[in-house]
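Structural overview
Chain by chain, the residues run as shown.
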Amino acid sequence: MKILVTGGAGYIGSHAVRRLVTAGFEVVVIDNLSKGHKVALPSECKLYVEDLKNQEKIYDILSIEKVDAVMHFSASIEVGESMKDPIHFYENNVRNTINLLLAMTRAGVNKIIFSSTAAVFGDPEEVPMKEDSKKAPTNVYGRTKLMMETIIKDLASVGNLNYGILRYFNAAGADDSGDIGEDHDPETHLIPLILQVPLKQRDKIFVFGRDYPTKDGTCIRDYIHVNDLADAHILVLEKILDAKVNCEYNLGSGNGYSVNEVIAMCEEVVGMPINTEEAPRRAGDAPILVADPSLLKKELGWEQKYNLRKIISSSWKWHKSHPRGYNI
């Protein structure tokens, strides 16, 4: 089986590509390398440096490679940036997804795994969040992802597509090998930002709000290791390849950890104190975001292999050996 992975040189995409290759799939990657890193890809996969805005090129690649399914990771993801430059997000996320889907339809490729996000839920009315929880995104990033979900479902409703939608909570960690990991510019994710303190890349970590209605006043989030996440993609891929079915799953650990707890665990892993400073709340930060992954476990037998300590330990291994990311 041959799988096309868009955004396959990015953080999550590169881990998924590695797991796909290990599982015996033939992998083709499309990535414009604006955020991704060619060095993160295994030699067994084929890379096309191309942009999804070029529908004809995408159609040509799909036609030449004769892929069986697509994993779609390519998107702009920075929540704060989405509120400053919404048009870019609608262009890069929504319009380019339409380009991909049109090219797939023309090439006769009708299977897609879509990388979505917990941001589609907004400020949740219930925790933990189930697949059918109310979706009311509070930022442009979340709105673009919900639009992308809707477009995919609409195509499926008229028989043109089979899909698997996976809504991530907080992806974190790095591959056990330590040779691929998280390298964003700018970095916005909590765990790598915390680890920049013991790496002497920043002198403190800001804690945005200590007055939330949580156990210690700081926000609570659900962290999932990037390899656990990639393994879930393969399970969903196998499901839609085997049958003409559509499915959607929330993808998290089902456990919530506060910012203070994550900082404390980082201190344990690195073996030194980490300086913090309180800062005002950030607009749009929900107090608690935790997944209910029970449907994925029940239907596909998925199980989390990495707890928070293992997530942070793998991340620390990567950042210690790659303090400047892939630019070493």
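Quick caveat, the model's predicted, so the values are computed rather than measured. (Residues numbered from 1 in each chain as written. Predicted model: local features only at pLDDT ≥ 70, side-chain atom pairs only at ≥ 80, totals over all residues. Heavy atoms only, no water.)

Let us now look at the overall build of the protein. For the protein, the helix and strand inventory stands at 10 helices and 14 strands. Its C-alpha atoms give the protein a radius of gyration of 19 Å, within 12% of the compact-globule value 20 Å for 328 residues. Once the C-alpha set of the protein is aligned to its principal axes, its extents read approximately 55 × 45 × 40 Å. Here the protein holds 328 residues, and 54% of them are scored as buried. Across the protein, contacts joining residues at least 24 apart in sequence account for 77% of those joining residues at least 6 apart. Looking at the protein as shown, the accessible area adds up to about 14100 Å², and 50% of this sits on carbon and sulfur atoms. Each charge class in the protein can be summarised by its mean position, and for the 38 positive and 45 negative side chains these summaries are 1 Å apart. (Helix = DSSP H or I, 4+ residues; strand = E, 2+ residues; numbered from the N terminus. Rg over C-alpha atoms; globule rule 2.2 N^0.38 Å. Buried < 20%, exposed > 50% of the residue type's maximum accessible area, 1.4 Å probe, protein only. Contact = heavy atoms within 4.5 Å. Areas by Shrake-Rupley, 256 points an atom, 1.4 Å probe, with all protein chains shown as cover. Lys, Arg positive; Asp, Glu negative; His and termini not counted. Charge placed at Lys NZ, Arg CZ, Asp CG, Glu CD.)

Read from one edge to the other, the open sheet built from three strands follows the order β12-β9-β14, with strand pairing classed as mixed. In this open sheet, the two strands that pair with only one neighbour each are β12 (257–258) and β14 (288–289). Direction of pairing for strand β9 (residues 220–221) relative to β12: antiparallel, over a ladder of two bridges. Note that in β12 the partner of I220 across the bridge is S258. (Pairing = 2+ DSSP bridges.)

Once that is clear, we can look at helix α1 (residues 11–22). Since the α-helix advances by 3.6 residues per turn, residues separated by three or four positions end up pointing in the same direction. An ideal rise of 1.5 Å per residue puts 16 Å on 12 residues; α1 measures up with 17 Å between its terminal C-alpha atoms. At its buried positions, α1 is contacted by β1 (2–6), β2 (26–30), β4 (69–72), β6 (162–168), β7 (170–172) and α7 (226–242). G24 lies just past α1 and shows a positive phi near 100 degrees. (Expected span 1.5 Å × (residues − 1).)

The subject of this paragraph is the environment of G7. When you line up the elements, G7 lands in the loop between β1 and α1. A sequence separation of 27 residues divides G7 from S34, and the C-alpha atoms of the two residues are 9.7 Å apart. Excluding residues that lie within four positions of it along the chain, G7 makes contacts with G13, I30, D31, F73 and S74.

The subject of this paragraph is the sheet that holds β2. The parallel open sheet is built from seven strands, whose spatial order is β3-β2-β1-β4-β5-β6-β11. Both outer strands of the open sheet, β3 (46–48) and β11 (247–251), are each paired with one neighbouring strand and no more. Across the sheet, the mean angle separating the axes of adjacent strands is 20 degrees when strand polarity is ignored. Here strand β5 (residues 111–117) pairs with β6 via seven bridges, running parallel. Bridge pairing in β6 links S115 to L166. Along the sheet face, α1 touches β1, β2, β4 and β6 and points at about 160 degrees away from the line of β2. Across the sheet, α7 is in contact with β1, β4, β5, β6 and β11; its angle to β6 comes to roughly 160 degrees. (Axes fitted to C-alpha atoms, helices over the stretch in contact; angles between N-to-C directions.)

In this section: helix α4 (residues 86–107). Here α4 spans 31 Å end to end across 22 residues, near enough to the 32 Å set by a 1.5 Å rise per residue. Along α4, the sharpest kink reaches roughly 25 degrees, centred on N96. Restricting attention to buried positions, one finds in α4 the residues F89, N92, N93, V94, N96, T97, N99, L100, L101, A103 and M104. (Bend = angle between axes of the 7 residues up to and from the residue.)

Structurally, P128 is set in the loop between β5 and α5 (140–157). The residues contacting P128, other than those within four sequence positions of it, are V290, A291 and D292.

Mapping D222 onto the fold places it in the loop between β9 and β10 (223–225). Separated by 2.9 Å, the side chain of D222 and the backbone nitrogen of G254 make a polar contact. The contacts of D222, once residues within four sequence positions are left out, are F169, N170, G252, S253, G254, N255, L289, V290 and A291. (Polar contact = N/O pair within 3.5 Å; in protein donor to acceptor, adjacent residues only side chain to side chain.)

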